[in-house]
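# What the coordinates show
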Amino acid sequence: VSDDRMAQRRRSWWGWGWEDQAIQGDELAGLAAVLAERFQRPPATVVDPVEPASIELPRPRVELPAALAHLGSADPLDRVRHGHGAAFRELVRALYGDVPRVPDLVVRPTSAADVARVLGWCTDARVACVPWGGGTSVVGGVTPPEGPCVSLDLERLDAVLEVDEVSLAAHLQGGLMGPAIERALEPSGLTFRHFPQSWEFSTLGGWIVTRAGGHFATGPTHIDDLVEAIGAETPTGRWDSRRLPASGAGPSPDRWLLGSEGTLGVVTDAWVRLQRRPRSRAQATVAFPSLVAGLGAVRAIVQDGLAPANARLLDPVEAALAGAAPPDGDATVLVLGFEAPEAPLDAPMARALELIGDHGGVVRDGPSFRRGDRTGTAQGGAGAWRQAFLRGPYLRDAVARLGGVAETFETATTWDRAAALVSDLRDTAERAARSVCGDALVAVRTTHAYVDGVAPYVTVIAPGPEGVAAGPARGRAQAAAWDEVKQAVSEAIDAAGATITHHHAVGRDHRPWYDRQRPDPFARALRSARRELDPAGVLGQGLLVDRVADPATSAPPTDPERRDPTA
Ligand SMILES: Cc1cc2nc3c(=O)[nH]c(=O)nc-3n(C[C@H](O)[C@H](O)[C@H](O)COP(=O)(O)OP(=O)(O)OC[C@H]3O[C@@H](n4cnc5c(N)ncnc54)[C@H](O)[C@@H]3O)c2cc1C
């Protein structure tokens, strides 16, 4: 895309990504027809998003002091955009102009010192502060709490401060988004190589505090392993850890901030580990007679010491949705890929295919080998899968506009329980979605593979509740339908002893199950840490642990701080 066109591009205010990339026109009509046929319903009428200027907002309840006034914005569209994140429940309501809470102001600091000053003012004035990276939280992490509140948008903390080509590390500000990081590193032949699906619109600070997962299947792909040191502002002082390749000195300060979801401080910058850009790539697409056989092969591959960049196992529905298999196929498909800076990949690919053969896998495409800098040149099943991966978020918006429900959930478990969990989750999601929406399409894939376990990821597409006229009530009904499915699958995840999230974070939506998952003494320690760092409780209201001890911590949420404020 040319610079001119880039300059004119507009972000969607209610849904995902660029407005010019949205599914519309014939493509949207085609999708409506496909869903109508699949769900045996008349084609849905397309709903257009309301004009954001028509949304009535309460007057701002707070005013910044003169010294900070230049950082604040009370612009209505700015406030509306910062009133919701990217969970289906939020975007389907925003589509109809139903944004129940907006921040009083959006504040854009230009330096760490500004962040400290804003936190100081929030503390004195008792104003809640919601750090905002890209607003791509899918778990209600950026939903404004009740009461006076500012959204602390970190987009101006977007500098690459230093690149250390000796140690292969870079010092980056927390508001940098994925493309800007990679553009800055390209001349040195280095890459951060952290590519969550939301990469284009999410930030380094957001990744760190949500423990984001990149799209590579193995190796250092969780942000946890890519961070060398973190700098943050807390309401009671600056937090800087030391740059170290590894350390045995007590509990890790970085690990405290990783996953802290904005409750302990605002990440202003971090030193991150870099890699040389891969120039050697290999790929193959394989079919298995069953998901269980495919899981066996992926386990054999990682337990043999191989570290494929891609090892996504797609069940037949997912493979068809992604265009990696014919629509009526019944094979489970493995999209397998290896990457290295320069090394030839024939040997690891050959060994992986041998293990795949042992588990009944049959090669459909490849193996093929490429050299060169260009990414995104995958062919066959891998190419189709990559395109579908990039279009997925736009598809979710389109289904919302057609009155349907489309959302994903994810988890991780050990190999001994993997096959049973996947089958249980598929059945539970399908049963719940059919009972609420009358029909459902449930697609399962695995995203990450470890020596001791795997991360399953499930997409649910359903026709949505019938008989509700288009308008805010329809948006609420679509959101409520998903909430029922989410409740059922979250209970199933918890009952199986799996994690409530592998990489989407806890936010508001996962709180009840996170509360059961984490040890109680840990919750007490975290609560104390919050009180120590943020005595006025301005950060992260309603997230991770309540500031006031709830003696029955494993009970369903009753504390008003924890309840979903938008319900
Ligand atoms: C289409 C789509 C695809 C996605 N794919 C992935 C994926 O592949 N992998 C993955 O891990 N996640 C994924 N996500 C979820 C989301 O992108 C991640 O959680 C991401 O890390 C959030 O980053 P952000 O900058 O948008 O943070 P935000 O959404 O703005 O904030 C998330 C949380 O972090 C806090 N926060 C943000 N910045 C800071 C900071 N600098 N300091 C302190 N607190 C802060 C916020 O207050 C909030 O609690 C996806 C989301 C969408 C919508």
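Quick look at the structure, then. (Residues numbered from 1 in each chain as written. Predicted model: local features only at pLDDT ≥ 70, side-chain atom pairs only at ≥ 80, totals over all residues. Heavy atoms only, no water.)

### Some words on the site of the ligand
Under the convention used in this document: Nearness is judged by heavy atoms alone; a residue qualifies as near a molecule or strand once a single heavy atom is within 4 Å of it. Contacts described as polar in this section are N or O atom pairs within 3.5 Å, which, within protein, must combine one atom able to donate a hydrogen with one able to accept it, while residues neighboring in sequence count only if both atoms come from side chains. Surface accessibility in these figures is a Shrake-Rupley result with a 1.4 Å probe; residues are shielded only by whichever protein chains are displayed. Only DSSP runs of H or I covering at least 4 residues are called helices, and only runs of E covering at least 2 are called strands; the numbering of each starts at the N terminus.
For the ligand, the set of nearby residues contains 35 residues, the closest of which are Pro 131, Gly 133, Thr 136, Ser 198 and Thr 203. In the environment of the ligand, an oxygen atom lies 2.7 Å from a nitrogen or oxygen atom belonging to the backbone of Gly 133. At a separation of 2.8 Å, an oxygen atom of the ligand approaches a polar backbone atom of Gly 135. Taken by itself the ligand offers 970 Å² of open surface, and the protein chains cover 97% of this. Mapped onto the shell around the ligand, the elements with two or more residues apiece are strand 3 (128–132), helix 7 (204–210), strand 10 (266–273) and helix 12 (380–401). Ranked by residue count, the leading element in the shell around the ligand is helix 7, at five residues.

### A closer look at the sheet that holds strand 3
Short version of the rule: At least two DSSP bridges between two strands are needed for those strands to be called paired. Residues count as neighbours in contact if any of their non-hydrogen atoms are within 4.5 Å of one another. All axes here are fitted lines through C-alpha atoms, helices being fitted over the stretch that makes contact, and every angle between N-to-C directions spans 0 to 180 degrees.
Strand order in the open sheet formed by four strands is 1-2-4-3, and the pairing between neighbours is mixed. Looking at strand neighbours, the two that pair on one side only are strand 1 (72–73) and strand 3, the edges of this open sheet. One ladder, built from three bridges, connects strand 2 (residues 105–107) with strand 4 (residues 149–153); its direction is parallel. Residue Val 106 lies in a different strand from strand 4, and its bridge partner there is Ser 151. Packed on one face of the sheet, helix 5 (residues 112–125) meets strand 2, strand 3 and strand 4 and runs near 170° to strand 4.

### Digging into the pairing of strand 6 (residues 169–173)
Stated formally: The buried label applies to any residue whose accessible area, calculated with a 1.4 Å probe on protein chains only, is under 20% of its type's maximum; exposed applies above 50%, and partly exposed to all values in between.
Summarising burial for strand 6: five of the five residues are buried, a large majority. Residues Ala 169, His 171 and Gln 173 of strand 6 are buried on one face, and the alternating residues Ala 170 and Leu 172, pointing to the opposite face, are buried as well. Here strand 5 (residues 160–164) runs beside strand 6; their pairing, made up of four bridges, is antiparallel. Directly across from Val 160, in strand 6, lies its bridge partner Leu 172. Hairpin connection, strand 5 to strand 6: the antiparallel pair is bridged by four residues, and Leu 168 has positive phi, about 55°. Examined bridge by bridge, strand 6 and strand 10 share five bridges and lie antiparallel to one another. Looking at strand 10, one finds that Leu 172 is bridged to Ala 270.

### Quick notes on the packing of helix 9 (residues 291–303) against helix 11 (residues 346–358)
Packed helix pairs are specified by the crossing angle of their axes together with the interaxial distance, meaning the distance between the axes. Let me state the cut-off plainly: By the definition used in this description, the sense in which the near helix is turned from the far one sets the handedness, with an anticlockwise turn below a right angle giving left-handed and a clockwise turn giving right-handed. We call Asp, Glu, Lys and Arg charged. Ala, Val, Leu, Ile, Met, Phe, Trp, Tyr, Cys and Pro are nonpolar, and the rest, Gly among them, are polar.
Close contact between helix 9 and helix 11 brings their axes to 9 Å; oriented N to C, the two are set at 145°. As for how helix 9 packs across helix 11, the hand of that crossing is right-handed. Contact residues: Ala 297, Ala 300 and Ile 301 in helix 9; Ala 352, Leu 355 and Ile 356 in helix 11. Here the contact of helix 9 with helix 11 is composed, by residue class, of six nonpolar, no polar and no charged.

### A few points about helix 6 (residues 178–185)
Selection criterion: What the arc covers is the set of directions going from the helix axis to the C-beta atoms.
Residues of helix 6 that are buried: Gly 178, Pro 179, Ile 181, Glu 182 and Leu 185. Taken down its axis, helix 6 places every buried residue within 160° of arc, on the same side. Among the structural elements, strand 5, strand 6, strand 7 (190–191) and helix 7 are those in contact with the buried residues of helix 6.

### Notes on the packing of aromatic side chains
Test applied: Aromatic pairing here means that ring centres of Phe, Tyr or Trp (its six-membered ring) are within 6.5 Å. Orientation follows from the plane angle: under 30 degrees is stacked, over 60 is edge-to-face, and everything else is tilted. Charges are assigned to positions over rings by a cutoff of 6 Å between ring centre and Lys NZ or Arg CZ, combined with an angular limit of 35 degrees from the ring normal.
Within this structure, the stated rule accounts for five aromatic pairs. Ring centres of Phe 195 and Phe 216 lie 6.0 Å apart, and the angle between their planes is 65°; on these two criteria the pair is classed as edge-to-face. Residue Phe 195 is located in the loop between strand 7 and helix 7, and its partner Phe 216 is located in the loop between helix 7 and strand 8 (227–234); the two are separated by 21 residues in the primary sequence. Of the two residues, Phe 195 and Phe 216, neither departs from the other in class, the shared state being buried. For Arg 193, the ring lying beneath its charged end belongs to Phe 216, and the centroid distance is 3.7 Å. Residue placement shows Arg 243 over the ring face of Trp 271; its charged tip is 3.7 Å from the ring centre.

### Concerning the sheet that holds strand 6
Read from one edge to the other, the open sheet built from five strands follows the order 5-6-10-8-9, with strand pairing classed as antiparallel. Sheet topology places strand 5 and strand 9 (237–240) at the edges, where each strand pairs with a single neighbour. Within the sheet, the average angular offset between the axes of one strand and its neighbour, ignoring direction, is 10°. Here strand 8 runs beside strand 10; their pairing, made up of six bridges, is antiparallel. Each bridged residue has a counterpart across the sheet, and for Val 227 the counterpart in strand 10 is Val 272. Across the face of the sheet, helix 5 comes into contact with strand 8, strand 9 and strand 10 while running at roughly 40° to strand 8.

### Looking at the pairing of strand 9
In terms of strand pairing, strand 8 meets strand 9 through four bridges, oriented antiparallel. Along strand 9, the bridge assignment pairs Ala 232 with Trp 239. Between strand 8 and strand 9, which pair antiparallel and follow one another directly, the connecting turn spans two residues.

### Topic: the side chain of Thr 143
Take Thr 143: it is sitting in the loop between strand 3 and strand 4. Classification of Thr 143 as buried rests on a relative accessible area of 5%. Here the side chain of Thr 143 touches Gly 140 through a polar contact of 3.2 Å, landing on its backbone oxygen.

### Observations regarding the environment of Trp 513
Within the secondary structure, Trp 513 is located in helix 15 (residues 511–517). C-alpha separation for the pair Trp 513 and Thr 501, spaced twelve residues apart in sequence, amounts to 9.6 Å. If sequence neighbours within four positions are ignored, Trp 513 has contacts with Gln 487, Ser 490, Glu 491, Asp 494 and Ile 500.

Function-wise, these values are silent; they only describe arrangement.
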